[in-house]
Amino acid sequence: MSAQIELVSARAVHGLEPVPDLASADRIVISNSGGKDSIAAMDEAVRLADDAGVRDRIVVLHIDLGRTPRGHTVEWPGTEDLARRQAAHYGLPFEVRRSAKWPSLVHRIRARGQFPHFLSRFCTSDMKRSVAHRFVTEQVDALGITGRPARIVHVMGFRAEESRARRPAVEVDGRASSGRRTVTQWYPVLRWSTTEVWQRIRDRGLPYHWAYDAGMSRLSCSLCVLASAPDLTCAAGLRPELAREYADLEKEMGVPFRRELSMAEVIRRAGGAA
């Protein structure tokens, strides 16, 4: 049986969603942004890895989006420390990686001369996906498996409720796979509702970020181009200096943060809300 077939063999959890054959995985990489969906996905992945007796094959990866030219973190302050604590909650090894090319997402935006948008999510491809792929290569090299591709399961807290993209709960990542490795993407909380995510966090007493209690519904970049207008307004109120840097970048590049919503307008709304 091929590695690919082994890794996408299904079993029912949370309804009829499939999960990978974790017992056949050589390494399980859990990407953890520090957000609510990431910690819920980690909890579910660890639970099922324990059932398969393979918790020792898990490593947690946090991808840091860097500091802006003015020294502000692109992510919410404290995110990396939280992600570390979340991994420690399960006794899991924790690694941080960053883009080798760009000091931060803001540097990448300036070099490109535009902000990301739904049809051009270079923030994800350049600052996250490529970094994760390099980390997987590190893991494969460390495993030193010969004679067959290494079997990697990559866990992410992606939820269908928060994205227009449609995808299965388990899928082979063709871009990350090669003759040396088969990488299977697994989204344990794909069909979970926001209520179910928070219920798991409460039931298990899992650590989560303070920004949620401050009014944010999601935890991505502090000022994410794909965030809702209320989240952007809340974030600009909580991080006014970062919002001003984005507004100045709008002027510098001559393009708005979002076609229908400039950062200058977000700041104005945040001032009114305050």
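*Asks:* Help me get a handle on the nonpolar core, residues and values and all.
*Replies:* Core analysis: the largest hydrophobic core is formed by 67 residues, its most contacted members being Ile28, Trp186 and Tyr246. Broken down by element, the residue count for this core peaks at eight residues, all from helix α2 (residues 36–52). Aside from chain neighbours lying at most four places away, what touches isoleucine 28 is Leu22, Val54, Arg57, Ile58, Val59, Val153 and Val155. Among the nonpolar cores identified, the runner-up in size contains 13 residues, and Ala132, Val136, Val140 and Ala150 belong to it.

*Asks:* Quick one: what's the story with the packing of aromatic side chains, residue by residue and with numbers?
*Replies:* Per the stated rule, a full pass over the model turns up seven aromatic pairs. Each ring, one from phenylalanine 115 and one from tyrosine 246, has its centre 6.3 Å from the other, and the planes form 20 degrees; the classification is stacked. Of this pair, phenylalanine 115 sits in the loop between α4 (105–112) and α5 (122–143) while tyrosine 246 sits in helix α9 (residues 240–253), and the two are 131 residues apart along the sequence. Pair check on accessibility: phenylalanine 115 and tyrosine 246 agree, each one buried. Arginine 167 extends its terminal NZ or CZ atom over the ring of phenylalanine 158, reaching a point 4.0 Å from the ring centre.

Cut-offs used in this document
- Residues numbered from 1 in each chain as written.
- Predicted model: local features only at pLDDT ≥ 70, side-chain atom pairs only at ≥ 80, totals over all residues.
- Heavy atoms only, no water.
- Core = buried A, V, L, I, M, F, W, Y, C linked by side-chain atoms within 4.5 Å.
- Buried < 20%, exposed > 50% of the residue type's maximum accessible area, 1.4 Å probe, protein only.
- Helix = DSSP H or I, 4+ residues; strand = E, 2+ residues; numbered from the N terminus.
- Contact = heavy atoms within 4.5 Å.
- Phe/Tyr/Trp six-rings, centres within 6.5 Å; stacked < 30°, edge-to-face > 60°.
- Lys NZ or Arg CZ within 6 Å of the ring centre and 35° of its normal.

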